[in-house]
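As a plain string of letters, each chain reads:
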Amino acid sequence: MGKDEDRDVAPGRLGRLLAPKRIAVVGGGAWGAAVAGAAERVGFSGEITFVHPRGKAPEGAKVVTALSELEAAPDAVFLGINRHASVDAVAELRAMGAGGAVCFASGFTEAQAEDAGAVDLQARLVAAAGEMPILGPNCYGFVNALDGGAIWPDQHGMAPVARGVAVLTQSSNIAINLTMQQRALPLAMMITCGNMAQQSQARIATALLEDPRITALGLHVEGFGEIADWEALAEAARARGVPVVVLKVGQSAQARAATVSHTASLAGSDAGAQALLDRLGFARLSDLPSFLETLKLLHVAGPLPARSIGAISCSGGEASLMADMGAARGLEFPALETGQRAALRDALGPMVALANPLDYHTYIWRDVPAMTRAWGAMASGAQAMTLSVVDYPVTDASDWICATQAAIGAREASGKPFGVVASLPELMPREVAMHLMEGGVVPFNGMAEALNAVAAAARREDPDAGPALRAGALEGSRVMDEVEGKARLAKAGVHVPRHVVITPGQPVELAGLSGPFAVKGLGLAHKSDSGAVHLGITAEEVAATAADIGTDRVLVEQMVRGGSVELLVGVLRDPAHGFVLTLGAGGVLTEMLKDSVSLLVPSPPEMVLGALQRLRCWPLIEGYRGRCGVDMDALMDAISAVQRLVEAEASTLQELEINPLICGPGGAVAVDALIRYGGGDSGEEG
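Rules used in this analysis
Each chain has its residues counted from 1, running along the sequence as written. Per-residue local features of the predicted model are confined to residues with pLDDT of at least 70, and side-chain atom pairs are confined, for both listing and counting, to 80 or more; whole-chain, interface and lining totals are unaffected and use all residues. With hydrogens and water set aside, each side-chain value is computed from the structure's full complement of heavy atoms. A simple rule labels every residue: compare its accessible area, found with a 1.4 Å probe on the protein chains alone, to the largest value its type can have, and call it buried under 20%, exposed over 50%, or partly exposed in between. By definition, any uninterrupted DSSP run of H or I lasting at least four residues is a helix, any uninterrupted run of E lasting at least two residues is a strand, and each is numbered from the N terminus. At least two DSSP bridges between two strands are required for those strands to pair. Any two residues whose heavy atoms approach within 4.5 Å at even a single point are treated as in contact. Counting of polar contacts relies on pairs of N or O atoms within 3.5 Å, with two restrictions inside protein: one atom must be capable of donating a hydrogen and the other of accepting it, and residues adjacent in sequence are counted only when both atoms are side-chain atoms. The aromatic pairing rule takes the rings of Phe, Tyr and Trp, using the six-membered ring of Trp, and pairs them if the centres are within 6.5 Å, calling planes under 30 degrees apart stacked, those over 60 edge-to-face and the rest tilted. Note on patches: the residues involved have over 30% relative accessible area and no salt bridge, like charges join within 9 Å, and the nonpolar side chains Val, Leu, Ile, Met, Phe, Trp and Tyr join within 5 Å. Values of accessible area rely on a 1.4 Å probe in the Shrake-Rupley scheme; residue burial ignores everything except the protein chains shown. The rule for a salt bridge is simple: a side-chain nitrogen of Lys or Arg has to be within 4 Å of a carboxyl oxygen of Asp or Glu. Geometry is summarised by axes, namely lines fitted to C-alpha atoms with helices restricted to the contacting stretch, and by angles between N-to-C directions that run from 0 to 180 degrees. Crossing handedness follows the turn of the near helix against the far one: under a right angle anticlockwise gives a left-handed crossing, and clockwise gives a right-handed one. Basically, the charged four are Asp, Glu, Lys and Arg, the nonpolar ten are Ala, Val, Leu, Ile, Met, Phe, Trp, Tyr, Cys and Pro, and anything else, Gly included, counts as polar. Within a predicted model, pLDDT stands for the predictor's per-residue confidence, ranging from 0 to 100. Expected helix span is taken as 1.5 Å per residue step, with the number of steps being one fewer than the number of residues.

Visitor: When you look at the pairing of strand 28 (residues 667-670) in this model, what are you seeing that I'm missing?
Guide: Burial of the side chains of strand 28 extends over both faces: Gly-667 and Val-669 are buried on one face and Ala-668 and Ala-670 on the other. Pairing between strand 27 (residues 653-664) and strand 28: 4 bridges, direction antiparallel. Of the residues in strand 28, the one forming a bridge with Cys-663 is Ala-668. Here strand 27 hands over to strand 28 after 2 residues, the two strands then running antiparallel side by side.

See the structure below:
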């Protein structure tokens, strides 16, 4: 988005709006005056004209009384007027060929609970804009530190940069706070999205990928909206090699009315969001400091090839903290190699115990060549990144210059990612951080934040799973009984036990089945909780057991033998993200164990296998302490069959659950099953 050219950045010619030469501020008051100050603060050198019917404007500013009086069509417009006037102004700006507008006014879709006409008003705003891009409504706009442009009605802490990260957020207040960060993170672009009436967050982010000066994207997301936009963003980011990190907050609108399954409990309100982010290949952070530190790491060093680190400190306490906190985040500390040990011994002498993390004591403090040799040797190992813990005192940090020089020297000598970590965020001075970054070293404000950043920046394999299956909202609910559900699963290719259905009080015909049997009452959602499941029943006991259950129809199944693991395979319709496939430890203790992972349908076999390997019960699946593992082909076939069934019946399926799927060396059998449909006809009965 060069300052001296109009770049057609798809979609919607955002380049002209985001890198303006001519700005118009419509409306008066403090908000409008702040726009001029925000633009000047980031280096804007173009023309700013105020538009006010009574000629109100800051002293010395250029002002006209109507849009029609502007000498030329503006590139970017701040609309600081009421919502109804904003719609009219957008239509006029579009007609005159303006580059785009920021709609500051609220009272649109975010107010629909209080104003029934708010949704219609937002639709009118979008219609008035046509192809002219608009940000908002109900948003602050943007600050572009690359080209020196801003539409921003408040303070901000950004300064011109040559390259850096772009942050997009749905919260204007969070955006203001992020611009004020003192962590030396070069913020190239801050954009608030507001209601996203026309330009979705994912589309704006995709457009920004056209600019080679943007090194990473950070997205604060409250809700995803159109999933196809996010899939397009992920594809474009992979093609450009730009990493994307997400701070996802809020809860999605899960369609869980009349929930009757363990799956709905395990899949929770956030599982769909996490499954989507995993599929897109976007790292997720849960707090703002770690979000910023991850962006800083990615800006300086790019994605990391593995979740492994080397750690250096001059304190055994810090070394222990790094080890414990790193392990808690799933980071690895590779053992020192022979060459490393020799180089470290040469630099540190015989009194230092060599290990990773390394406590190098203070024998070589102030000896920059020795520190550089030691730190460089540590950085030369197999780890993806090396971190040196250094807290710069607020009193007199001059004696710590040696650490800064050693870090830069170690980075140059090893050619590998290197970071300096202040265990307390406030003990990394901004000027030191900027010096380190100039030398290619990542300055981290906080030990926890640094380790979170390393874990998030570890390179993910390209998912390459294709589009997720869409799942619109459905009304109504009808639960198939277990016999119907298992028939539907069997038709899809899932193995189920041999069975008969009997009526209590009538003669029992077991049709050649051999015991022991599982005897279950039909028509109950949670049969175990109702005492309607009896196991290990002999043929002679079936009739009496069926009579005791108390339901009109009773299922008698041949019990599955030879199973070593009970798993849950469930799918939940989530209109916000798609169909969420949940895999986990199954059986009656499913919700207590809470050992589950979630994917989106369809997921290819390699993603399914990777998800299974993340379960705590994976050792049991693989084979634990000499026990035979399960038949993986049978297990994978069962999961594939479930996904095929979901794809075939996506228009009406609400949820599906197999719990347990009993797995062993001899195969995988669905012992209990539930399928719930909505939206009318549920298809052919099994």
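The structure having been displayed, the exposition proceeds.
Visitor: Sorry, what's going on with the environment of Gln-340 here?
Guide: Looking at the secondary structure, you find Gln-340 in helix 12 (residues 338-348). Overall, the relative accessible area of 3% leaves Gln-340 in the buried class. Taking the C-alpha atoms as reference, Gln-340 lies 69 Å from His-84; in sequence the two are 256 residues apart. When neighbours within four sequence positions are excluded, Gln-340 is seen to be in contact with Ala-335, Ala-377, Met-378, Ser-380, Gly-381 and Gln-383. A distance of 3.2 Å separates a polar atom in the side chain of Gln-340 from the backbone oxygen of Ala-377. Within polar-contact distance, the side chain of Gln-340 engages the backbone oxygen of Met-378 at 3.0 Å.

Visitor: Explain the packing of aromatic side chains to me, please; I cannot follow it from the model alone.
Guide: Each aromatic ring pair is characterised by the separation of its centres together with the angle its planes make. Enumeration according to the criterion identifies 9 aromatic pairs in this entry. Between Trp-31 and Phe-104 the ring centres are 5.1 Å apart and the planes differ by 55°, which places this aromatic pair in the tilted class. Note that Trp-31 is positioned in helix 2 (residues 29-41) and Phe-104 in the loop between strand 5 (101-103) and helix 4 (118-129), a separation of 73 residues in sequence. Judged by its relative accessible area of 42%, Trp-31 is partly exposed. Relative to Tyr-140, the ring of Trp-31 lies with its centre 6.2 Å away and its plane at 70°, an arrangement referred to as edge-to-face. Placement of Trp-31 in helix 2 and of Tyr-140 in the loop between strand 6 (134-135) and strand 7 (142-144) is noted, with a sequence separation of 109 residues between them.

Visitor: Is there a simple way to think about unusual backbone geometry in this case?
Guide: Excluding glycine, most residues fall at negative phi; most peptide bonds, likewise, are trans. Following Gly-136, the chain continues to Pro-137 via a peptide bond in cis, the omega torsion being 0°. One non-glycine residue, Asn-138, lies in positive phi territory at about 60°. Relative to the assigned elements, Asn-138 resides in the loop between strand 6 and strand 7. When its relative accessible area of 32% is taken as the criterion, Asn-138 is described as partly exposed. Its identity is not glycine, yet Ala-184 carries a phi of approximately 70°, on the positive side.

Visitor: Hey, could you run me through a nonpolar patch on the surface in this one?
Guide: A cluster of nonpolar side chains, namely Val-588, Leu-589, Met-592 and Leu-593, defines an oily patch on the protein surface of about 430 Å² accessible area. Relative to the elements of secondary structure, Val-588 occurs in the loop between strand 25 (578-585) and helix 19 (590-593).

Visitor: Explain the packing of helix 20 (residues 605-613) against helix 22 (residues 632-648) here, please?
Guide: Contact geometry of helix 20 with helix 22 gives a least axis separation of 11 Å together with a crossing angle of 115°. Along this stretch, helix 20 crosses helix 22, giving a crossing that reads as right-handed. The residues of helix 22 that touch helix 20, namely those facing Pro-605, Val-608, Leu-609 and Leu-612, are Met-632, Leu-635, Met-636, Ile-639 and Gln-643. Residues belonging to the contact of helix 20 with helix 22 are distributed by class as follows: 8 nonpolar, 1 polar and no charged.

Visitor: Looking at this structure, I do not really get the environment of Val-597. What am I missing?
Guide: By the secondary structure assignment, Val-597 is in strand 26 (residues 596-600). With residues near it in sequence (within four places) discarded, Val-597 still touches Leu-581, Thr-582, Leu-583, Ala-611, Arg-614 and Leu-615.

Visitor: Where do I start with the confidence of the model for the protein chain in this structure?
Guide: Where the model shows low pLDDT, its predicted coordinates should not be examined in detail. Of all residues in the protein chain, 93% attain a pLDDT of 70 or more, and the chain-wide mean is 90. A low-confidence stretch, residues 1-12 (pLDDT under 50), is modelled with 40 contacts involving residues beyond four sequence positions or located in other chains. A low-confidence stretch, residues 681-686 (pLDDT under 50), is modelled with 15 contacts involving residues beyond four sequence positions or located in other chains.

Visitor: How should I be thinking about the sheet that holds strand 23 (residues 554-558) in this particular structure?
Guide: In any sheet, the strands associate via hydrogen bonds between backbone groups, in a parallel or an antiparallel arrangement. Pairing in this open sheet of 4 strands is antiparallel, and the strands run 20-23-21-22 from one edge to the other. A single partner strand is all that each edge strand has here, and the edge strands are strand 20 (499-502) and strand 22 (533-537). The mean angle between the axes of side-by-side strands here comes to 20°, regardless of whether they run parallel or antiparallel. Bridge analysis of strand 21 (residues 517-521) against strand 23 gives 5 bridges, and the strand direction is antiparallel. Within the sheet, the bridge partner assigned to Phe-517 lies in strand 23 and is Gln-558. Here helix 17 (residues 482-492) sits on the sheet in contact with strand 20, strand 21 and strand 23, set at roughly 45° to strand 23. Sitting on the sheet, helix 18 (residues 542-549) touches strand 20, strand 21, strand 22 and strand 23, and the angle it makes with strand 21 is about 25°.

Visitor: Would you explain the side chain of Ser-171 in this entry?
Guide: Mapped onto the fold, Ser-171 is located in the loop between strand 9 (164-169) and helix 5 (172-179). Look at Ser-171 and you get buried, because its relative accessible area is 15%. Engagement of the side chain of Ser-171 in a polar contact is seen with the backbone nitrogen of Ile-174, the distance being 3.2 Å. Residue contacts for Ser-171: discarding those within four places in its chain leaves Thr-192, His-220 and Glu-222.

Visitor: Just to check I follow, could you spell out the sheet that holds strand 16 (residues 385-389) for this structure?
Guide: Overall, parallel pairing links the 5 strands, which are arranged 15-14-16-17-18 in an open sheet. Among the strands making up the open sheet, the edge pair consists of strand 15 (358-359) and strand 18 (442-445). The pairing of strand 14 (residues 309-313) with strand 16 spans 4 bridges and is classified as parallel. What sits directly across from Ile-309, in strand 16, is Met-385. Against the sheet, helix 13 (residues 368-379) engages strand 14, strand 15, strand 16 and strand 17 (418-422), with an angle of about 160° to strand 14.

Visitor: What is the right way to read helix 14 (residues 401-414) from this model?
Guide: An α-helical turn contains 3.6 residues, so any two residues separated by three or four positions project in the same direction. Taking 1.5 Å per residue as the helical rise, helix 14 with its 14 residues ought to reach 20 Å, and the 20 Å between its terminal C-alpha atoms agrees with that figure. In the core, the buried residues of helix 14 are packed alongside helix 13, strand 17 and helix 15 (430-438). Directly beyond the C-terminal end of helix 14, a positive phi value near 70° is found at Gly-415.

Visitor: Would you explain the pattern of salt bridges in this entry?
Guide: Pairs may arise between side chains of opposite charge once their charged atoms sit close together. Going through the model one piece at a time under the given rule, you end up with 19 salt bridges. Taking the shortest distance from any N to any O, the salt bridge between Arg-553 and Asp-481 comes out at 2.8 Å. Of this pair, Arg-553 sits in the loop between helix 18 and strand 23 while Asp-481 sits in the loop between strand 19 (478-479) and helix 17, and the two are 72 residues apart along the sequence. The exposure class of Arg-553 is partly exposed, given its relative accessible area of 36%.

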